[in-house]
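# Fold and geometry: a report
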Amino acid sequence: MDSSVPLESQMEKIEQRLKESSMPNDLLERIEEEIAVVKSSLNAQGSFANFENLVNYVNWVEKLPFGKETKDTLDLGVAKQILDKNHYGLDSVKDKILEYLSSLILNIENKTNQELKSPVLCLLGLVGTGKTTLAYSVAESLGRKFERIPFGGMSGAWSLRGQSRTIPDAEPGFIIKSLAHAQSKNCVILLDELDRVIERERSDIMGVLVELLDAEQNKAFIDHYIDYPFDLSQVLFVATVNNTTNIATAVLDRLEMVQMPSFTDEEKITIAKSFLFPKIRKQTGLSENQIAIDDIVWPTVVRPLGFDSGIRSLERTIEGISRKVARLVVEGKAQSVQITNENIKEFLPKM
């Protein structure tokens, strides 16, 4: 709110914006009624709190994509190319995803359903096995916007559903915020690490999840801040969990589990050489001729401290090696570094 502009002028601008908006008529009428009440309050030298509340509310509602969606890419060949480009191996997981996308594509092409009625895809696996990046690849395959909601440490159901406007400094929940940011009502929303919510809030959060994931209920999802039903039926939800121990049965019933396999050492070496190392080298600021890693060294890089099912530790190891080389270059101690069996211990993380 601009304090240098008279409140009456700001109110006029809000009314003009509302006339140009695409929000539903009944919601527009309700806001116009609120404007009339606030105007009366201002004319009577009343509190400005209601004005600020109204401005914040209108700003959020205007961002909602009531009539906005992206055009889907309905090509399974393109989806396969993207999955193969972004992920080495994981053939069984890719097959599951392609089967899932096939059902969605048929529904959209036949125009019988714009939403997918089957259970929500849930990628189950240990940390670092590629769950989050696979969810992003699903969005990329469809040409949809991608949003991520982290459940780790989520402090209450209000984080998803928002808070009533009667509460000071209230805000919408993550669902509405994701839609507002995506500016698309058919975006892909990743519900990341459902099993990591705080225990004392688990029951309430699982209750909201049941509504989100149920195709019969999410057509009229009500965020407590927006206080108006929003149709989530075209949103494609994807979930991830590390394990299912803390997931409510009602939520599990709405999830289709896809087990993420652990990477073998051979797969990790290929991923490291072909994907991780080139990316990390660039991020570190090193050129190709400033750092090289001998092929014989990669088994040691992959397993410096023992077995790890994912690739997150591998990524950190390569980052550590690259930064040590970058320091040598910046300090003028080397123009280029070749990582060999003889010097690898100097660059690996310490126990």
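Now for a look at the structure at hand.

## Here's the deal with the packing of aromatic side chains
Going through the model one piece at a time under the given rule, you end up with five aromatic pairs. Geometrically, the ring pair formed by phenylalanine 66 and phenylalanine 230 is tilted, given 5.3 Å between the ring centres and 45° between the ring planes. Note that phenylalanine 66 is positioned in the loop between α3 (49-63) and α4 (76-86) and phenylalanine 230 in strand β5 (residues 229-230), a separation of 164 residues in sequence. Residue phenylalanine 66 is classed as buried on the basis of its relative accessible area of 16%. Look at phenylalanine 277 and tryptophan 298: their rings are 5.9 Å apart centre to centre, the planes differ by 70°, and that puts the pair in the edge-to-face class. With phenylalanine 277 in helix α11 (residues 265-284) and tryptophan 298 in helix α12 (residues 298-302), this residue pair connects regions lying 21 residues apart in the sequence. Relative accessible area serves as the criterion here: at 2%, tryptophan 298 is assigned to the buried category. One cation-aromatic arrangement involves lysine 63 over tryptophan 60; the distance from NZ or CZ to the ring centre is 4.5 Å. Its end group placed over the ring of tyrosine 57, arginine 165 keeps NZ or CZ at 3.8 Å from the ring centre.

## Description of a negative patch on the surface
A cluster of acidic side chains, namely Asp26, Glu29, Glu32 and Glu33, defines a negative patch on the protein surface. For aspartate 26, the position within the fold is in helix α2 (residues 25-43). A relative accessible area of 45% places aspartate 26 in the partly exposed class.

## What about unusual backbone geometry?
Even without being a glycine, aspartate 169 presents a positive backbone phi close to 60°. Along the polypeptide, aspartate 169 turns up in the loop between α7 (158-161) and α8 (174-182). Despite not being glycine, glutamate 193 has its phi angle at roughly 60°, a positive value. Within the element layout of this structure, glutamate 193 appears in the loop between β3 (188-192) and α9 (202-213).

## Some points on the side chain of glutamate 211
The topology assignment puts glutamate 211 in helix α9. Residue glutamate 211 is classed as buried on the basis of its relative accessible area, which comes to 15%. A distance of 2.5 Å separates the side chain of glutamate 211 from the side chain of arginine 161, its partner in a polar contact.

## Some points on α9
With twelve residues, α9 extends 16 Å between its outermost C-alpha atoms, agreeing within 8% with the 16 Å of an ideal straight helix rising 1.5 Å per residue. Those residues of α9 lying buried are Arg202, Ile205, Met206, Val208, Leu209, Val210, Glu211, Leu212 and Leu213.

## Describing the layout of surface pockets
Of the voids in this model, the largest pocket is the one considered here, and its volume is about 640 Å³. Lining the largest pocket are 25 residues, and of these His87, Gly130, Thr133, Ile311 and Glu315 sit closest to its centre. Where the lining of the largest pocket is concerned, the elements lending two or more residues are α6 (131-142), α11 and α13 (312-330). Ranked by the residues each element gives to the lining of the largest pocket, the list is headed by α6, at five residues. Looking at the lining of the largest pocket residue by residue, the classes come out as nine nonpolar, nine polar and seven charged.

About the cut-offs
Residues numbered from 1 in each chain as written. Predicted model: local features only at pLDDT ≥ 70, side-chain atom pairs only at ≥ 80, totals over all residues. Heavy atoms only, no water. Phe/Tyr/Trp six-rings, centres within 6.5 Å; stacked < 30°, edge-to-face > 60°. Helix = DSSP H or I, 4+ residues; strand = E, 2+ residues; numbered from the N terminus. Buried < 20%, exposed > 50% of the residue type's maximum accessible area, 1.4 Å probe, protein only. Lys NZ or Arg CZ within 6 Å of the ring centre and 35° of its normal. Patch = residues over 30% accessible without salt bridge, like charges linked within 9 Å, V, L, I, M, F, W, Y side chains within 5 Å. Areas by Shrake-Rupley, 256 points an atom, 1.4 Å probe, with all protein chains shown as cover. Salt bridge = Lys/Arg side-chain N within 4 Å of Asp/Glu carboxyl O. Lys, Arg positive; Asp, Glu negative; His and termini not counted. Charge placed at Lys NZ, Arg CZ, Asp CG, Glu CD. Polar contact = N/O pair within 3.5 Å; in protein donor to acceptor, adjacent residues only side chain to side chain. Expected span 1.5 Å × (residues − 1). 1 Å grid on protein atoms, 1.4 Å probe; cavity = no way out; pocket = protein on both sides within 12 Å on 5 of 7 lines; lining within 4 Å. Points joined across faces, edges and corners; volume = space filled by probe spheres on them. Nonpolar A, V, L, I, M, F, W, Y, C, P; charged D, E, K, R; others polar.

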